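Each chain, letter by letter, is given below.
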Amino acid sequence: MPNRLFQGVINQMREATDRIIGVVDEGGSVIACSELGLIGDVRKGVIAGGVFNGSLICVDSATYKAFGDSVHPEYAVFVDGTDEISRNFAGIIAIALDQIKQNNDEKFDRSNFVKNVILDNILPGDIYIKSRELRFNNDASRVVFLIRALKSNDVSVFDIIQNFFPDKTKDFVININESDIALIKEVRPNVDSKDLEKLAQSICDTLSSEFYCTGVVGIGTCVTGIKELAKSFKEAQVALEVGKVFDTERSIISYENLGIARLIYQLPTTLCEMFLREVFKKGSIDSLDQETLFTIQKFFENNLNVSETSRKLFVHRNTLVYRLEKIKKLTGLDLREFDDAIVFKVALMVNKYLDSTPVKY
């Protein structure tokens, strides 16, 4: 990274002087230069001449000025010539590159710091010490979006998200693994959850329309304070995992809107199996065919309204009543009764959860 960074600055400075300018590392190798053909050359006089002692040094018809770490500088600027102009150029360029390197290191350190926080790889007491060192705003409101690429189409989703959120002082894009990318987004206090979902949808739409890449996004809750970022990240993870079970058709899943699905997802499978046995004493849920299950789904979607459901299913009202009676006979639950409908709805979700959970031995 420093090589490319330095070369970019040297390229911009090339027009400002007729001298050859560049940067060498501790071994004397040229890692950036206004003359591209010199990159990779080793300047043997650098080490012997004491270039990395910190002061301006003239060696082999060039002027050098070390920069980087104040105790052990890692790099040195060189300008061809040993006159006063070369010395002035070397001093000015060294100051500029040192500041650019510090800013780049700070950004990199901040991203690493945020990654360690959300992954719980840093002690709570060290979080506040490190945040002060990095001048990290601890009072800002932030939320974690976890973006999972389902079909990447050989494009770098990480680069796409980074370009989508270029303000690296407020927003952080972090690679979690080969498929998951965390976006830590600074937001205004009391931001509406619908606005967060719109932002997540715009990410999915951009990936899909411009890069033919399919993705889903889990959204944690909005938090204040750096330490709480780990909580928002875990919530975004839960949102994705729960959505994978209960909301397979949705690409945006918010932790705040998981409802009872979140509770079911956290239950032990043994407890879920016991619940199903108690609910379906007369017969197993597996005895219901696909047409019956579809009827039940539409009945729930239409708020247990028989007339509205029959209209949506394009069947006579009496046909729907007959199907509901059949369900009552098979399961012992009358879906026209609110309490029975709640129990049945939960039972369907529990059964779906068990079907998606691998058997544990």
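J.: Describe the packing of aromatic side chains, naming the residues involved and giving the relevant values.
T.: The geometry of an aromatic ring pair is captured by the separation of the ring centres together with the interplanar angle, meaning the angle of the planes. By the definition in use, this model includes nine aromatic pairs. An angle of 80 degrees between the planes, with centres 5.1 Å apart, marks the rings of Phe164 and Phe165 as edge-to-face. Overall, Phe164 belongs to the partly exposed group, its relative accessible area being 33%. For Phe165, a relative accessible area of 7% gives the class buried. Positioned above the aromatic ring of Phe78 is the side chain of Arg43, whose terminal nitrogen or guanidinium carbon lies 3.9 Å from the ring centre.

J.: Go over the sheet that holds strand 2 (residues 30–33), please, and point to the residues and values.
T.: Ordered in space as 2-1-5-4-3, the five strands form an open sheet in which the pairing is antiparallel. Strand pairing shows two members of the sheet lacking a second neighbour, strand 2 and strand 3 (57–59), which therefore form its edges. Here the average twist between neighbouring strands, direction ignored, is 30 degrees. Contacts from helix 1 (residues 2–13) reach strand 1 (21–25), strand 2, strand 4 (62–67) and strand 5 (75–80) within the one sheet, and its direction differs from that of strand 2 by about 30 degrees.

J.: Let's hear about the pairing of strand 7 (residues 172–175): which residues, and what values?
T.: Where strand 7 meets strand 8 (residues 180–187), four bridges bridge the pair, whose relative direction is antiparallel. Bridging across to strand 8, Asn175 finds its partner in Ile181. Joining the antiparallel neighbours strand 7 and strand 8 is a turn of four residues.

J.: Describe the nonpolar core, and please don't skip the residues or the numbers.
T.: Among the nonpolar cores identified, the biggest contains 53 residues, and Ile184, Leu229 and Phe344 are the most heavily contacted of them. Sequence-distant contacts of Ile184, that is, excluding residues within four places in its chain, are made with Val114, Ile118, Arg142, Val143, Val144, Lys170, Asp171, Phe172, Ile174 and Leu229. Listed in part, the 22 residues of the second largest apolar core include Phe145, Ala149, Ile160 and Val187.

Criteria and cut-off values
- Residues numbered from 1 in each chain as written.
- Predicted model: local features only at pLDDT ≥ 70, side-chain atom pairs only at ≥ 80, totals over all residues.
- Heavy atoms only, no water.
- Phe/Tyr/Trp six-rings, centres within 6.5 Å; stacked < 30°, edge-to-face > 60°.
- Buried < 20%, exposed > 50% of the residue type's maximum accessible area, 1.4 Å probe, protein only.
- Lys NZ or Arg CZ within 6 Å of the ring centre and 35° of its normal.
- Pairing = 2+ DSSP bridges.
- Helix = DSSP H or I, 4+ residues; strand = E, 2+ residues; numbered from the N terminus.
- Axes fitted to C-alpha atoms, helices over the stretch in contact; angles between N-to-C directions.
- Contact = heavy atoms within 4.5 Å.
- Core = buried A, V, L, I, M, F, W, Y, C linked by side-chain atoms within 4.5 Å.

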